[in-house]
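Examining the three-dimensional arrangement
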Amino acid sequence: MQYISAERYGNSYRNAEKKRYRDRSRAELVETVAETVFTFCAFCSVLAVASITLYMVVNGTPAVFRVGLKDILFSSTWKPVAKEPSFGIFYVVLSSIAGTAMAVILGVPVALLTAVFLAEVAPKKLAATVGAAVELLAGIPSVIYGMIGMMVLNPVMYRLEQRIFARTPGHQFTGGANLLSAALVLAVMIMPTVISISETAIRAVPAHLRASSYALGASRVQTIFRVVLPAAKPGIATAVVLGVGRALGEAMAVSLVSGGSVNVPLPFRSVRFLTTALVSEMGYAGGLHRQVLFTVGLVLFVFIMLINLSLNRILKERERQDD
Amino acid sequence: MDDIKIRTDHLNLYYGRTHALKNVSVKIRAQAVTALIGPSGCGKSTFLKTLNRMNDLSGNVRIEGGVYLDGKDIYAPGVDVAKLRRKVGMVFQEPNPFPMSIYDNVAYGPRVHGIKDHGTLEKIVEESLRGASIWDEVKGRLRKSALGLSGGQKQRLCIARAMAVEPEVLLMDEPTSALDPASTVKVEELMKELKKKYTVVVVTHNMQQAARVSDDTFFFLMGEAVETGSTYSLFSKPRDRRTFDYINGRFG
């Protein structure tokens, strides 16, 4: 059919056909190039994750073989530059966990109630104002949190410390740079994440569930705590897990307010976290000390990976519930 | 003469500038099923919601006139809305159990009203589920999530949930419009059963349903209660031309 028409219309048809073919092939070329670019970009992040993982494992494991996994993880003596060095990071790991846990315990309830306020209670204008403040909080660089913590929070803590331990001989005064300060700063830092994700989850609870609760004679507070929050649980869990990740990975603010000695993590002790160990020692460490610091980094890395895995699990759980 | 459970007196309702209910004065009989019919937007659902003050929840609503439950104005100042809603329960169009177990769904109402004793709660849950004719289907999985039930089961669970606070009146807002025919039949049978104990008011799009289940029918149009009376007389010899046209499918 096309062949016949081509003959009848001669060159002009053939040229049009050629042009159409050219246009089509150009469009196809654009498609192919675009696809390649997308694929390459996507591959970049995969490549980054894979190479970082590889790098951490390759550099973090030699020390494990030289010192021994048990001596690193479960020994509490950290004396990397002593004549007979000891590389136990037990207290450091414990400090990271304790600091994160305290930050979550202090920050999550406040953040959750803020989210409830924004989503359920506040009039629109007020909610917009508070919401904007929360977003700004998320954008403040962590070093600023650290600075303010150092200048404002630490002196307050010091006064508190002096009062509490006035009659405790042998207490090592920290000048307020201690675990509790770090936990408070972290609590504030994780709040924006927890607030905004919880708020979204609370807003996503269907209105008819609230209506049903009111129709049964429940009050607003009862409805919020017994229906809305349970219904928003998967989203709130996601918020908390992301908050944990942020707290665990924070280095700068913590290093400014936590004192920095390796100690049993108690509220009024100066402590060193996994992150702050890297920040404060990486600059001068050499030899085995440097290798152990890579192991410290690897431990932190594994923690963060575990948190992401649990997040994935929560999200999958939610998908299954929706079905 | 039958007992009057609810009476409205020149009830007017405005959403902002929209005059949604106009001078509605009706009487709802106790221990009977009253059907509210009419085309979409005629005010029948709005009227239903005035009976347990669910309209309070949407701002910008103004109400004039009175709604009397057992002779007492439910819009009088000082009325405890929670107590009122306990007396006047409601079942919604979409089956909407809470995302918790079947047991916790039914126990929700009694719990928010302060009942904590396990034995009492268990008794209430069983009675309510039996009352909603769903006990036999769920008794083996009371602790499982209510979201795993079928649509019809969910709706009967919602009816059980409403019954658990021992209301005197049950309001149903198109309770079967989201259900398949088989589930609809079950819920309709349940309504006939419910009127032995409760005063039932049901909004329905479906005129056959109104004819099948109700004793009285109110026909709403443009916010007015055009015709009210026994279902039999309203469907067999409507007094108003508009009622006649509507039930014969001329509009709506």
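Residues numbered from 1 in each chain as written. Chains lettered and ligands numbered in written order. Predicted model: local features only at pLDDT ≥ 70, side-chain atom pairs only at ≥ 80, totals over all residues. Heavy atoms only, no water.

Here we look at the overall build of chain A
- A tally of helices and strands in chain A yields 12 helices and 2 strands.
- Reading chain A from its N end, one meets helices and strands in the order α-α-β-β-α-α-α-α-α-α-α-α-α-α.
- Its C-alpha atoms give chain A a radius of gyration of 28 Å, more than 25% over the compact-globule value 20 Å for 323 residues.
- Residue burial in chain A is summarised as follows: out of 323 residues, 40% are buried.
- The contacts in chain A between residues at least 6 apart in sequence include a share of 71% that link residues at least 24 apart.
- Carbon and sulfur atoms form 66% of the exposed surface of chain A, whose accessible area is close to 18,500 Å².
- Of the charged side chains in chain A, 30 are positive and 18 negative; the average position of the first set lies 6 Å away from that of the second. (Helix = DSSP H or I, 4+ residues; strand = E, 2+ residues; numbered from the N terminus. Rg over C-alpha atoms; globule rule 2.2 N^0.38 Å. Buried < 20%, exposed > 50% of the residue type's maximum accessible area, 1.4 Å probe, protein only. Contact = heavy atoms within 4.5 Å. Areas by Shrake-Rupley, 256 points an atom, 1.4 Å probe, with all protein chains shown as cover. Lys, Arg positive; Asp, Glu negative; His and termini not counted. Charge placed at Lys NZ, Arg CZ, Asp CG, Glu CD.)

So, the domain arrangement of chain A
Residue and element names in this part refer to chain A.
- Assigned domains of chain A: these are domain 1 (2-58) and domain 2 (89-322).
- Between the C-alpha centres of domain 1 and domain 2 the distance comes to 47 Å.
- On the domain 2 side, the residues contacting the 5 residues of domain 1 number 4 residues.
- For the domain 1 and domain 2 pair, buried surface summed over both sides reaches about 420 Å², with 85% attributable to carbon and sulfur atoms.
- Contact with domain 2 buries area across many residues of domain 1, yet Thr-53, Tyr-55 and Met-56 alone supply 78% of it, more than any other trio. (Domains from an automatic or database assignment. Buried area = accessible area lost by both parts, 1.4 Å probe.)

A short note on the environment of Ala122(A)
Residues and elements named next belong to chain A.
- Structurally, the position occupied by Ala-122 is in the loop between helix H3 (90-121) and helix H4 (124-139).
- On the basis of relative accessibility, which here comes to 15%, the residue Ala-122 falls in the buried class.
- Along the sequence, Ala-122 and Ala-138 sit 16 residues apart, while their C-alpha atoms lie 21 Å from each other.
- Setting aside anything within four residues of it in sequence, one finds Ala-122 in contact with Phe-117 and Ala-127.

A short note on the side chain of Thr295(A)
All names here are of chain A.
- With respect to the helices and strands, the residue Thr-295 is situated in helix H12 (residues 287-322).
- What makes Thr-295 buried here is its relative accessible area of 5%.
- Not counting the four nearest positions on each side in its chain, Thr-295 is found in contact with Gly-60, Ala-63, Val-64 and Ile-72.

Comments concerning a positive patch on the surface
- Taken together, the side chains of Arg14(A), Lys18(A), Arg22(A) and Arg26(A) define a basic patch exposed on the protein surface.
- As for its position among the elements, Arg14(A) is in helix H1 (residues 2-67). (Patch = residues over 30% accessible without salt bridge, like charges linked within 9 Å, V, L, I, M, F, W, Y side chains within 5 Å. Salt bridge = Lys/Arg side-chain N within 4 Å of Asp/Glu carboxyl O.)

Things to note about the sheet that holds strand S7 (residues 88-91) of chain B
All names here are of chain B.
- One open sheet holds the 6 strands; their spatial order is S7-S8-S9-S4-S10-S11, and the pairing between them is mixed. Pairing within the sheet leaves two strands with one partner each, and these edge strands are S7 and strand S11 (224-230). Along the sheet, successive strands turn relative to each other by an average axial angle of 15 degrees, direction set aside.
- Bridging between strand S4 (residues 33-37) and strand S10 (residues 216-221) involves 4 bridges; their strand directions are parallel. Across the sheet, residue Thr-34 finds its bridge partner in S10, namely Asp-216.
- Across the sheet, helix H6 (residues 151-163) lies against S7 and strand S8 (169-173), angled at about 170 degrees from S7, the strand it touches most. (Pairing = 2+ DSSP bridges. Axes fitted to C-alpha atoms, helices over the stretch in contact; angles between N-to-C directions.)

Observations regarding the pattern of salt bridges
All names here are of chain B.
- Inspection of the entire model under this criterion finds 18 salt bridges over all chains.
- Residue Asp-216 pairs with Arg-29 through a salt bridge whose shortest N-O separation is 2.8 Å. On the criterion of sequence distance, the pair formed by Asp-216 in strand S10 and Arg-29 in strand S3 (residues 27-29) is long-range, its members being 187 residues apart.
- Its relative accessible area of 7% is what places Asp-216 among the buried residues.
- For Lys-139, the salt bridge identified is with Asp-136, shortest N-O distance 3.6 Å.
- A cluster of three or more residues bridged by salt bridges with shared partners is formed by Lys-5, Asp-70 and Glu-168.

Some thoughts on the interface of chain B and chain A
- Each side of the interface is counted separately: chain B has 20 residues, and chain A has 15 residues.
- Roughly 1,500 Å² is buried in total at the junction of chain B and chain A, and carbon and sulfur atoms are behind 68% of that figure.
- The interface formed by chain B and chain A includes 6 residue pairs in polar contact (both at pLDDT 80 or more).
- Every element with two or more residues in the side of chain B that touches chain A is listed here: helix H2 (81-87), S7, helix H3 (102-112) and H6 of chain B.
- A total of 3 residues in the side of chain B that touches chain A trace back to one element, the largest contributor, which is H3(B). (Polar contact = N/O pair within 3.5 Å; in protein donor to acceptor, adjacent residues only side chain to side chain.)

A word on the nonpolar core
- Ranked by internal contacts, the top residues of the largest apolar core, which has 44 residues, are Ile37(B), Leu129(B), Leu157(B), Ile159(B), Met172(B) and Leu194(B).
- Of all the elements, H6(B) adds the most residues to this core, at 5 residues.
- In terms of nonpolar packing, the next biggest core, distinct from the first, is built from 34 residues, Ala98(A), Ala103(A), Val104(A) and Ile190(A) among them. (Core = buried A, V, L, I, M, F, W, Y, C linked by side-chain atoms within 4.5 Å.)

A look at the pairing of S8(B)
Residues and elements named next belong to chain B.
- Within S8, 5 of the 5 residues are buried, leaving the element largely enclosed by the surrounding structure.
- Residues Val-169, Leu-171 and Asp-173 point to one face of S8 and Leu-170 and Met-172 to the other, with burial holding for every one of them.
- Relative to S8, S7 runs parallel, the two sharing 4 bridges. By the bridge assignment, Val-91 is partnered in S8 with Met-172.
- Pairing of S8 with strand S9 (residues 199-203), which is carried by 5 bridges, proceeds in the parallel orientation. Counterpart to Met-172 in the pairing with S9 is Val-202.

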